[in-house]
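Spelled out from the first residue to the last, the chains are:
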Amino acid sequence: MLILGIETSCDETGVALYDSERGLGQGAVPLAGLLAHTLHSQVELHDEYGGVVPELASRDHIRRLLPLIGVVMTRAGTDLSRVSAVAYTEGPGLAGALLVGASVGASLAYGLGVPAIRVHHLEGHLLSPLLSPVPPRFPFVALLVSGGHTQLMRVSNVGKYALLGETQDDAAGEAFDKTAKLLGLPYPGGPALAQLARSGRGGRFRLPRPMIASGDLDFSFSGLKTAVLLLTRQHEMDAQTRADVAYAFEEALVEVLVAKCIAAIATSGLGQLVVAGGVGANTRLRAALDAAGQRKGFRVCYPPLEFCTDNGAMIALAGALKMQDAEFRIQDPERQDLGLRIEDLGRSRSFTVKPRWDL
Ligand code: KG4
Ligand code: ZN
């Protein structure tokens, strides 16, 4: 069964085609089912504004989406008539941007007479590590660190997620982006700040580790940004000082994330940690988590870098898993219903978007 995946929740237009027989059959690895995927990033478009401009994002998605679907079909050597379902991101995200993917996805599904599968963006991120060459097995602990979310979850199966802890204010990616702005770095701030931190020296500044000893699995990052603001006022911000501050910020944030991951593994009793979301691309975080995993005896699994940030492949995979799961779900009322209702598997004339949507 071929599932087309569409992601337009923010500033990336992602499209992918997934073959569930190839990827989800007995003994297969999910990555084998990914026939083709492509992405257009709007980073250059928003660069001069220092952040995502929602209206520009929506317009660009409109321009890009249909041509990108064409690219994916050509790369996969097939055409739309062979598509068995269309999965699209229903939320959370920017309303206008979501509407582009949802209207195209739902219309395509209706026109083709196939199911439309509504996918929660964070569920896409949570399942994206299955696209690793050596995928994790359920159950696992997931650290979801993106621009809008910082959560620790227990993932027992597709659609079976329990929140263990989350940020009380800024998300980790948001903290990176805001701090980067304070240091005069271009959007998106995360990668730019990480790059600057490489030339920073340790030991010059020590920033707080918010909530590190709170005894729960929650986070708070807004104070870190304020601490950086104070430093920028107290010091002459020459190039080396900016790099040293970037280093100290990254060090503090990574230390908190790692400490909470260790605690989540300990309280859940599970042996696998999966890292998803854009901040999962951060090499210092990866090195620190790998070291912690070795010390404490748990396995850490990351999606390939291209599937860490927003992409269409994770939406196509989530759609394929939901299709596969649908009948099973009827028999198991304990399963949460995240975006897929059984009636959606038939033709639907309507669609919705959910800019705000708790997982
Ligand atoms: O998951 P994602 O692509 O989009 C959301 O759903 O939010 O995450 C984007 C976030 C941004 O805040 C970006 O600055 C951050 O991930 N990010 C990074 C790195 N690459 C992306 N943060 C730190 N280090 C990186 N290498
Ligand atoms: Zn995302």
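All values reported here derive from a predicted model rather than from experimental measurement.

J.: Mind laying out the coordination of the zinc ion (ligand 2), listing which residues take part and the relevant values?
T.: Where a metal carries four tetrahedral donors, each ideal angle is 109.5 degrees; where it carries six octahedral donors, the ideal angles are 90 or 180 degrees. Taken together, His121 (NE2), His125 (NE2) and Asp310 (OD) make up the protein donors of the zinc ion (ligand 2), found 2.0 to 2.2 Å from the metal. Given four donor atoms and angles of 94 to 143° at the metal, the environment of the zinc ion (ligand 2) is assigned as irregular. The sequence pattern describing where the donors of the zinc ion (ligand 2) fall on their chain is H-x3-H-x184-D. With histidine 121 in helix H5 (residues 121–127) and aspartate 310 in the loop between helix H11 (305–308) and helix H12 (313–331), this pair connects stretches of sequence that are 189 residues apart. Each of the two residues, histidine 121 as well as aspartate 310, counts as buried.

J.: Any details on unusual backbone geometry? Residues and values, ideally.
T.: For the peptide bond that leads from glycine 91 to proline 92, omega is -10°, which places it in the cis range. The amide bond that connects phenylalanine 138 to the next residue, proline 139, takes the cis arrangement and shows omega of -5°. Counting through the fold element by element, proline 139 comes out in the loop between H5 and strand S6 (140–145).

J.: Hey, could you go over the packing of aromatic side chains for me, with residue numbers and the actual values?
T.: Following the criterion strictly, the structure yields three aromatic pairs and no others. Note on phenylalanine 219 and phenylalanine 221: the rings are 5.8 Å apart at their centroids and 25° apart in plane angle, and the pair reads as stacked. The class of phenylalanine 219 is buried, set by a relative accessible area of 0%. In this arrangement the basic side chain of arginine 284 is found over the ring face of tyrosine 247, its NZ or CZ atom lying 3.9 Å from the centre. Taking NZ or CZ as reference, lysine 354 lies 4.3 Å from the ring centre of tryptophan 357, over its face.

J.: Run through the side chain of threonine 38, naming residues and quoting values.
T.: Assignment of secondary structure puts threonine 38 in strand S3 (residues 34–41). Excluding residues within four positions of it along the chain, threonine 38 makes contact with Thr13, Gly14, Val15, Leu68, Val71, Val72 and Arg75.

J.: Explain the sheet that holds strand S9 (residues 272–276) to me, using residue names and the numbers behind them.
T.: Strand order in the open sheet made by the five strands is S8-S7-S6-S9-S10, with mixed pairing throughout. Two strands close off the open sheet at either side, each with one partner strand: strand S8 (160–166) and strand S10 (299–301). Shown here is a sheet whose adjacent strand axes are inclined to one another by a mean of 25°, direction ignored. Sheet analysis places S6 next to strand S7 (residues 150–157), joined by six bridges and oriented antiparallel. Within S7, the position partnered with valine 141 by the bridge is arginine 154. The sheet contacts of helix H9 (residues 239–268) involve S6, S7, S8 and S9, and relative to S6 the element is tilted by about 155°.

J.: Talk me through the domain arrangement of the protein chain; I want residue IDs and the actual numbers.
T.: It is common to report an interface's size as the accessible area lost on association of the parts. Considered domain by domain, the protein chain is made up of domain 1 (2–129 + 308–345) and domain 2 (137–302). Taking only C-alpha atoms, the centre of domain 1 and the centre of domain 2 are 27 Å apart. Facing the 23 residues of domain 1 at the interface are 26 residues of domain 2. Summed over both sides, the interface between domain 1 and domain 2 buries roughly 2000 Å², with carbon and sulfur atoms accounting for 68% of that surface. Between the two partners, domain 1 and domain 2, sit zero salt bridges. Our count for the contact surface shared by domain 1 and domain 2 stands at four residue pairs in polar contact (both at pLDDT 80 or more). Counting residues per element, the side of domain 1 that touches domain 2 draws most heavily on H5, which supplies five residues.

J.: Could you give an account of the nonpolar core, naming the residues involved and the relevant values?
T.: The biggest cluster of nonpolar side chains holds 48 residues, and the ones touching the most others in it are Leu143, Leu207, Phe221, Phe249, Leu253, Leu273 and Leu289. The set of elements that each furnish at least two residues to this core consists of S6, helix H6 (172–182), helix H7 (189–197), helix H8 (222–234), H9, S9 and helix H10 (283–296). Ranked by residues supplied to this core, first place goes to H9 with 15 residues.

Quick notes on the rules
Residues numbered from 1 in each chain as written. Chains lettered and ligands numbered in written order. Predicted model: local features only at pLDDT ≥ 70, side-chain atom pairs only at ≥ 80, totals over all residues. Heavy atoms only, no water. Donors = N, O, S within 2.8 Å, 3.2 Å for Na, K, Ca; no water. Tetrahedral: all angles 85-135°; square planar, octahedral: opposite > 155°, others 65-115°. Helix = DSSP H or I, 4+ residues; strand = E, 2+ residues; numbered from the N terminus. Buried < 20%, exposed > 50% of the residue type's maximum accessible area, 1.4 Å probe, protein only. Phe/Tyr/Trp six-rings, centres within 6.5 Å; stacked < 30°, edge-to-face > 60°. Lys NZ or Arg CZ within 6 Å of the ring centre and 35° of its normal. Contact = heavy atoms within 4.5 Å. Pairing = 2+ DSSP bridges. Axes fitted to C-alpha atoms, helices over the stretch in contact; angles between N-to-C directions. Domains from an automatic or database assignment. Buried area = accessible area lost by both parts, 1.4 Å probe. Salt bridge = Lys/Arg side-chain N within 4 Å of Asp/Glu carboxyl O. Polar contact = N/O pair within 3.5 Å; in protein donor to acceptor, adjacent residues only side chain to side chain. Core = buried A, V, L, I, M, F, W, Y, C linked by side-chain atoms within 4.5 Å.

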